[in-house]
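One letter stands for each residue in the lines below.
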Amino acid sequence: MAYHHQHDCLILSALGCGAFKNPPTHMASIFKSVIQQYAGYFKTIHFAIIDDHNTGNQHNPDGNYLPFKRILDGFRVNATTHELCVGMASGPFKITGKDQENMIIDDVYIFGLPPCQYGAECYDLGDVQHCQAYSHPPLCPQHGACEQFLADGMHRSFFIHRKKCQHGGECLHITDEKHSRQYEHPEFCPANSECLDTSKDHLFHYRHLPRCKTGPIKCLLFLKRDPEHCRSYLHCKIICEFGTFCVNFHDQEHFNDQLHPFYQPCPSTPFSCR
Ligand SMILES: [Zn+2]
Ligand SMILES: [Zn+2]
Ligand SMILES: [Zn+2]
Ligand SMILES: [Zn+2]
Ligand SMILES: [Zn+2]
Ligand SMILES: [Zn+2]
Ligand SMILES: [Zn+2]
């Protein structure tokens, strides 16, 4: 609501910890997780808290100020767009479309769908129909390297944590919607279609564009430098897995598409060569 009305700061209080008797440590950690979910939407959030006649009770023996200060004072989070997929939440919005550079968002998502009762621990996150019917929390912004996952149960229920796909950037199911909802894959290689690195390690740690089926030598669109085609397909040569021991070196097509640690030998026999 505040973001919708173009406010960039919030002033809140120890909400729920007075007459409603919620323990302040619990409320403050819920705030912490919600602030992470909305990272990037507000510059600052202030909590104005005084310990009045509603404090020093059974639910808040230390008052409300101290527990909030301990959990939230100086807490900063940076916004992230990493691994946000269609159908997920970003702050108050629902992502309805995405290409490599832009995200299309839909206004105010939080009231759009009923929340799934299993939240981030839902087993049906791979089920597109289920995700269209119920809202789920966003992905953990620390993706893959999350330090709060084991220690902080609150964080675990506020953010989805996906398992890393064992095939990394070389996964064959990377474009499969169901698979990519359940498993985490690496980001696109920063070199994009210009990437020449074909080492196993690099291909595992970065996602790459699909390789052009026609290959770098015969692809007319590549030779014409068709911008759309070159942006969508890789045209660099791959390293032949047989290397020095490759026996296919007389096959021109194979030699054009794959890199070898030697030059293509003369196709003529030593006798007929001039
Ligand atoms: Zn669910
Ligand atoms: Zn996490
Ligand atoms: Zn995978
Ligand atoms: Zn690359
Ligand atoms: Zn091509
Ligand atoms: Zn070869
Ligand atoms: Zn020769």
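Residues numbered from 1 in each chain as written. Chains lettered and ligands numbered in written order. Predicted model: local features only at pLDDT ≥ 70, side-chain atom pairs only at ≥ 80, totals over all residues. Heavy atoms only, no water.

1. Things to note about the overall build of the chain
Okay, step 1: Scanning the chain from N- to C-terminus turns up eleven helices and nine strands.
Okay, step 2: In the chain, buried positions account for 35% of the 274 residues.
Okay, step 3: Excluding contacts between residues fewer than 6 apart, the proportion of contacts in the chain whose partners are at least 24 apart in sequence is 43%.
Okay, step 4: By element, 56% of the accessible surface of the chain is carried by carbon and sulfur atoms, the whole surface being about 18200 Å². (Helix = DSSP H or I, 4+ residues; strand = E, 2+ residues; numbered from the N terminus. Buried < 20%, exposed > 50% of the residue type's maximum accessible area, 1.4 Å probe, protein only. Contact = heavy atoms within 4.5 Å. Areas by Shrake-Rupley, 256 points an atom, 1.4 Å probe, with all protein chains shown as cover.)

2. Some remarks on the packing of aromatic side chains
Okay, step 1: A complete count under the given rule lists three aromatic pairs for this structure.
Okay, step 2: Ring geometry for Phe 31 versus Phe 47: centroids 5.0 Å apart, planes at 75°, classification edge-to-face. Placement of Phe 31 in helix H1 (residues 24–37) and of Phe 47 in strand S2 (residues 44–47) is noted, with a sequence separation of 16 residues between them.
Okay, step 3: Residue class for Phe 31 comes out buried when judged on its relative accessible area of 15%.
Okay, step 4: Arranged with centres 5.6 Å apart and planes meeting at 50°, the rings of Phe 47 and Phe 68 form a pair that is tilted. One end of the pair, Phe 47, is in strand S2; the other, Phe 68, is in helix H2 (residues 65–72), with 21 residues separating them in the sequence.
Okay, step 5: One aromatic cluster in this structure is built from Phe 31, Phe 47 and Phe 68.
Okay, step 6: The side chain of Lys 32 reaches across the aromatic face of Phe 75, ending 5.0 Å from its centre.
Okay, step 7: The side chain of Arg 225 reaches across the aromatic face of Phe 222, ending 4.6 Å from its centre. (Phe/Tyr/Trp six-rings, centres within 6.5 Å; stacked < 30°, edge-to-face > 60°. Lys NZ or Arg CZ within 6 Å of the ring centre and 35° of its normal.)

3. Observations concerning the UniProt feature "zinc finger region: C3H1-type" (unreviewed entry) in the chain
Okay, step 1: The UniProt entry lists residues 224–253 under the feature "zinc finger region: C3H1-type" (unreviewed entry), expressed in the numbering used here.
Okay, step 2: For residues 224–253, helix accounts for 27% and strand for 7%, while the C-alpha atoms at its two ends are 20 Å apart. (UniProt positions renumbered as here; feature names shortened; annotations may be inferred.)

4. Some points on the nonpolar core
Okay, step 1: Grouped together as the largest cluster of nonpolar side chains are nine residues: Ala 14, Cys 17, Met 27, Ala 28, Phe 31, Ile 35, Ile 49, Phe 68 and Leu 72.
Okay, step 2: Ranked by the residues each element gives to this core, the list is headed by H1, at four residues.
Okay, step 3: Ignoring any residue separated from it by four or fewer positions in sequence, one finds Ala 28 in contact with Pro 67, Phe 68, Ile 71 and Leu 72.
Okay, step 4: Ranked by size, the runner-up nonpolar core spans seven residues in total, among them Cys 116, Ala 120, Cys 122 and Leu 139. (Core = buried A, V, L, I, M, F, W, Y, C linked by side-chain atoms within 4.5 Å.)

5. Considering the side chain of Ser 180
Okay, step 1: Among the secondary structure elements, Ser 180 is positioned in helix H6 (residues 177–182).
Okay, step 2: The buried category is assigned to Ser 180, whose relative accessible area is 18%.
Okay, step 3: In contact with Ser 180, other than residues within four places in its own chain, are Arg 162, Ile 174 and His 185.

6. Digging into the coordination of the zinc ion (ligand 3)
Okay, step 1: Distances from the zinc ion (ligand 3) to its protein donors, namely Cys 165 (SG), Cys 171 (SG), His 179 (NE2) and His 185 (NE2), fall within the range 2.0 to 2.2 Å.
Okay, step 2: Bound by four donor atoms, the zinc ion (ligand 3) shows angles of 97 to 120° at the metal and therefore tetrahedral coordination geometry. (Donors = N, O, S within 2.8 Å, 3.2 Å for Na, K, Ca; no water. Tetrahedral: all angles 85-135°; square planar, octahedral: opposite > 155°, others 65-115°.)

7. Regarding H1
Okay, step 1: In a regular helix each residue adds 1.5 Å, so 14 residues correspond to 20 Å; H1 covers 20 Å between its end C-alpha atoms and thus fits that length.
Okay, step 2: Those residues of H1 hidden inside the fold are in contact with strand S1 (9–12), S2, H2, helix H4 (148–151) and helix H5 (153–158). (Expected span 1.5 Å × (residues − 1).)

8. Notes on H2
Okay, step 1: Burial in H2 covers these residues: Pro 67, Phe 68 and Leu 72. Projected onto a plane normal to the axis of H2, the buried residues spread over an arc of 100° and lie on a single side.
Okay, step 2: Positioned one or two residues after H2, Gly 74 has a phi angle of 75°, which is positive. (Arc of directions from axis to C-beta.)

9. Here's the deal with unusual backbone geometry
Okay, step 1: The phi torsion at Gln 6 lies on the positive side, around 65°, for a residue other than glycine.
Okay, step 2: Since its relative accessible area comes to 74%, Gln 6 is described here as exposed.
Okay, step 3: The phi dihedral of Lys 21 falls on the positive side, at around 60°, and the residue is not glycine.
Okay, step 4: Within the element layout of this structure, Lys 21 appears in the loop between S1 and H1.
Okay, step 5: Classification of Lys 21 as exposed rests on a relative accessible area of 53%.

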